[in-house]
Amino acid sequence: MTVYLDDRPIRAYSGESVAAALMAGGVQVFRKSRLGETRGPYCGIGNCFECVLTVDGRPNVRTCNLPVRDGMNLRTNSNWAGAF
């Protein structure tokens, strides 16, 4: 399977989470904090908000529990600070 993060193709395997696929593909930064600090997956169980991305047009989706689907369009949340 292939998912696309900000138009960059990343290989993914059936059964893994979006966050796992991105980390395996070398992605470390999923978003930035209000102060501009970089953030990536932390808890891995959906409790924190460090792994949120825009998924197929839906903003602020926690990706650590979301299974990959071929062709997913993922976007980093550049304006995450005002999302909640």
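Colleague: Quick question: what am I supposed to make of the overall build of the chain here?
Modeller: Counting secondary structure elements, the chain contains one helix and seven strands. Put simply, the chain runs from its N terminus to its C terminus through helices and strands in the order β-β-α-β-β-β-β-β. For 84 residues, the compact-globule formula gives about 12 Å, and the C-alpha radius of gyration of the chain, at 12 Å, lands near that figure. For the chain, the spread of C-alpha atoms along the three principal axes comes to 35 × 25 × 20 Å. Going through the 84 residues of the chain one by one, you find that 38% of them count as buried. Taking the intrachain contacts of the chain between residues at least 6 apart in sequence as the baseline, contacts between residues at least 24 apart amount to 39%. Only carbon and sulfur atoms are counted for the fraction: they give 48% of the accessible area of the chain, which is about 5000 Å². Positive and negative side-chain charges in the chain, numbering 10 and 7 respectively, have mean positions lying 4 Å apart.

Colleague: I would appreciate a short explanation of unusual backbone geometry in the present structure.
Modeller: Even without being a glycine, Asp7 presents a positive backbone phi close to 75°. Here Asp7 shows up in the loop between strand S1 (2–5) and strand S2 (8–11). Assessed through its relative accessible area of 56%, Asp7 is described here as exposed. Positioned with a positive phi, Asp56 is a non-glycine residue whose angle comes to about 50°. Note on placement: Asp56 falls in the loop between strand S5 (52–55) and strand S6 (58–62).

Colleague: Where do I start with the packing of aromatic side chains in this structure?
Modeller: We describe a pair of aromatic rings using the distance from one ring centre to the other and the angle between the two ring planes. Under the counting rule described, the total for this entry stands at zero aromatic pairs. Sitting over the ring of Phe49, Arg62 keeps its end group 4.0 Å from the ring centre.

Colleague: How do you make sense of the sheet that holds S5 when you look at a structure like this?
Modeller: Picture the strands of a sheet paired through backbone hydrogen bonds; they go either parallel or antiparallel. Within the open sheet, the five strands sit side by side as S2-S1-S7-S5-S6. Their pairing is mixed. Only two strands of the sheet have a single partner each, and these edge strands are S2 and S6. The mean angle between the axes of side-by-side strands here comes to 40°, regardless of whether they run parallel or antiparallel. The sheet contact formed by S5 and S6 spans three bridges and is antiparallel. Following the sheet pairing, Leu53 is matched in S6 by Val61.

Colleague: Sorry, what's going on with the nonpolar core here?
Modeller: Among soluble globular proteins, nonpolar side chains are generally buried collectively. Core analysis: the biggest nonpolar cluster contains 19 residues, and Val3, Leu22, Met72 and Leu74 have the highest contact counts within it. When residues of this core are traced back to their parent elements, those giving at least two are S1, helix H1 (18–24) and S5. Ranked by the residues each element gives to this core, the list is headed by H1, at four residues. Not counting residues up to four positions away in its chain, the partners in contact with Leu22 are Val3, Leu5, Ile10, Val27, Phe30, Leu53 and Leu74.

What counts, and at which threshold
Residues numbered from 1 in each chain as written. Predicted model: local features only at pLDDT ≥ 70, side-chain atom pairs only at ≥ 80, totals over all residues. Heavy atoms only, no water. Helix = DSSP H or I, 4+ residues; strand = E, 2+ residues; numbered from the N terminus. Rg over C-alpha atoms; globule rule 2.2 N^0.38 Å. Buried < 20%, exposed > 50% of the residue type's maximum accessible area, 1.4 Å probe, protein only. Contact = heavy atoms within 4.5 Å. Areas by Shrake-Rupley, 256 points an atom, 1.4 Å probe, with all protein chains shown as cover. Lys, Arg positive; Asp, Glu negative; His and termini not counted. Charge placed at Lys NZ, Arg CZ, Asp CG, Glu CD. Phe/Tyr/Trp six-rings, centres within 6.5 Å; stacked < 30°, edge-to-face > 60°. Lys NZ or Arg CZ within 6 Å of the ring centre and 35° of its normal. Pairing = 2+ DSSP bridges. Axes fitted to C-alpha atoms, helices over the stretch in contact; angles between N-to-C directions. Core = buried A, V, L, I, M, F, W, Y, C linked by side-chain atoms within 4.5 Å.

Interpretation note: all reported values are geometric properties and have no functional meaning in isolation.
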